Each structure stands twice: as structure tokens, then as C-alpha cells.
Amino acid sequence: VHNGGSFLQLAVESILQQDDPDFELLLIDDCSTDDSAKTIRHYAASDRRVRAIYHRENVGLAGTLNEGLTEARTDLVVRMDQDDIALAERIGTQVEFMRQRPDAAVAGTFVYHMGRLPAYDHLVQLPTEHDEIVLTLARENCIYHPSVIMRRQQILSLGGYRGEFQNAEDYDLWLRVARVYRLANLPVPLLRYRFSVAGMTLGRKWEQALYTQMAVISNRYPERCLD
């Protein structure tokens, strides 16, 4: 979480109200300057499933994501952004999928692009099986980062997220995962994905495009140094 604002409460509530209540919710505040830390403290005090971590200095997205993987107490890790909304069946559906598919290291889902009201949401369908996903990844990212469930040990074995790929950390990771493990997308929407002009979704598109191309080149020539 970094300056989660008014959407943070909706995101947290969507997790705490999951059909499957057996989970730990790890909330990491990356030195927010708004009321995000106050919101996190409220949930940590009122629900035993919530564990909070507060940074004294901003470390950025990649560092925070890697910290979350390190701090997680289970091998299956579900990730979400601070302003998105998980559908009530999300965790249960994704955990069951990973139990049935031990070959998959990362599994995203179909998503809804959030409209002004749920009735105006737009369904986004994506390739579902590994081979098709890999072909698509050669051109563009087809796994929505806030929709994924991951196997913690496999991701850590690859070094986790790399901060050199700002705003394309997830794309770089999927490309590296695909060389060793298998990817999937569940053919069911389990997340409402919010576009934010002030956030990374729209606010840093040019920077994201640069680092996306860097990720493609790094995947094509992994022996080359990032410096």
C-alpha cells in the first residue's frame, strides 16, 4: 500500500469478506503520507487475520512485493493492488485450482475492467493455458498482476521481482517463470480491476512501455547484464 486513499477500505473489505475465510491478509504500508496507515491499523486491530507491516522509508513496489513473499507464512500467495476489488469466491477458487494443478507456478484470472457501476464493468478474457500464454507474452502481458496466485517458493527461487523493471516488474517475472515453470489463467473473472489516472495503470504508461521492452530483451538475451 502506498497512499491507498479512499479505495483502500473497499479493497481490504473485498478480501475479508471472501467465501473462504482461511487466510492471512498481509498489508504492507510503504511509507504512505495519507491516512492509509490509519486504515491498516484499524483492520489489524479488528481482525486477527490481518498482519500489518509499516515502512519508515519508501522502498518501492518491487522491494515491497519481495518483502511480502518473504513474510508470507504459506506457499500459496494471492496478490492484489490497493484499489482493486476481489470477487467473493476469488481465494477459494484459485486455491482449489492450484491444488488440482501442481504444475502451475502462477495463475491469473479473467478480470472485469471496472466501470462507474458494476453493471458497466467490461469482461476481459485472456489465454488460459501455458503454451498460448507464452506465445502472447512474446508480444504483450496477458496476466493481470493483481489477479494472480503464486507458489511462493518457485518465485523466490527465481529471485522474485526485479526493481530494474519499474512498472513492468510483473511482466519481467512472468517471462522468467515461463522458462522454468508453467503459467495459467483461470477462465473466470475473479477481480474488478480499477484504472487510476494518478496511479501506475495510466499515469506512467510511457515509462512502463520502456521497461516492458527491456523485459523482452532481457528474456531474449538472459546472459546480458542489466547495467
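Our structure is the block above this text.
Thresholds applied
Residues numbered from 1 in each chain as written. Predicted model: local features only at pLDDT ≥ 70, side-chain atom pairs only at ≥ 80, totals over all residues. Heavy atoms only, no water. Helix = DSSP H or I, 4+ residues; strand = E, 2+ residues; numbered from the N terminus. Buried < 20%, exposed > 50% of the residue type's maximum accessible area, 1.4 Å probe, protein only. Right-handed = clockwise from strand over helix to strand, strands pointing away. Salt bridge = Lys/Arg side-chain N within 4 Å of Asp/Glu carboxyl O. Axes fitted to C-alpha atoms, helices over the stretch in contact; angles between N-to-C directions. Parallel < 35°, antiparallel > 145°, perpendicular 65-115°, else oblique. Left-handed = near helix turned anticlockwise from the far one by under 90°. Contact = heavy atoms within 4.5 Å. Nonpolar A, V, L, I, M, F, W, Y, C, P; charged D, E, K, R; others polar. Core = buried A, V, L, I, M, F, W, Y, C linked by side-chain atoms within 4.5 Å.

A. Fine view of the environment of Gln153. Tracing the chain through its elements places Gln153 in helix H6 (residues 152–157). Classification of Gln153 by relative accessible area gives partly exposed; the value is 45%. In sequence terms Gln153 and Asp75 are 78 residues apart; their C-alpha atoms lie 6.5 Å from each other.

B. Focus on the pairing of strand S1 (residues 25–29). For S1, a buried count of four out of five residues is recorded, marking the element as mostly surrounded by other parts of the structure. Remark: the S1/helix H2 (residues 36–46)/strand S2 (residues 50–54) crossover connection has right-handed handedness.

C. Seen up close, the pattern of salt bridges. Enumeration according to the criterion identifies eleven salt bridges in this entry. For Asp103, the salt bridge is made with Arg101, and the minimal N-O distance between the two is 3.0 Å. In the salt-bridge network here, residues are joined through shared partners; they are Glu24, Arg51, Glu71 and Arg73.

D. Region of interest: the packing of helix H1 (residues 8–16) against H2. Put simply, H1 and H2 touch, their axes get as near as 10 Å, and they point 25° apart. Looking at the two axes, H1 sits roughly parallel to H2. The two elements H1 and H2 meet at a crossing, and its hand is right-handed. Facing H1, whose interface residues are Leu8, Gln9, Val12, Glu13 and Leu16, H2 presents Ser36, Thr39, Ile40 and Tyr43. Split by residue class, the contact of H1 with H2 holds five nonpolar, three polar and one charged.

E. Structural context of the nonpolar core. Counting residues in each nonpolar core, the largest one holds 30 residues, and the members touching the most others are Val12, Ile15, Leu16, Leu25, Phe97 and Ala107. At the level of elements, H1, S1, H2, helix H4 (90–100), strand S5 (104–113) and strand S8 (182–193) are the ones that each hand at least two residues to this core. Not counting chain neighbours up to four residues away, the residues in contact with Phe97 comprise Ala104, Ala107, Ala184 and Leu186. Core analysis: the next-biggest nonpolar cluster, separate from the first, contains 22 residues, Leu69, Ala105, Leu175 and Val177 among them.

F. Seen up close, the environment of Val124. The topology assignment puts Val124 in strand S6 (residues 122–124). The buried category is assigned to Val124, whose relative accessible area is 12%. Separated by 13 residues in the primary sequence, Val124 and Val111 place their C-alpha atoms 5.4 Å from one another. If we skip the residues at most four places from it in the chain, Val124 touches Phe110, Val111, His113 and Tyr144.

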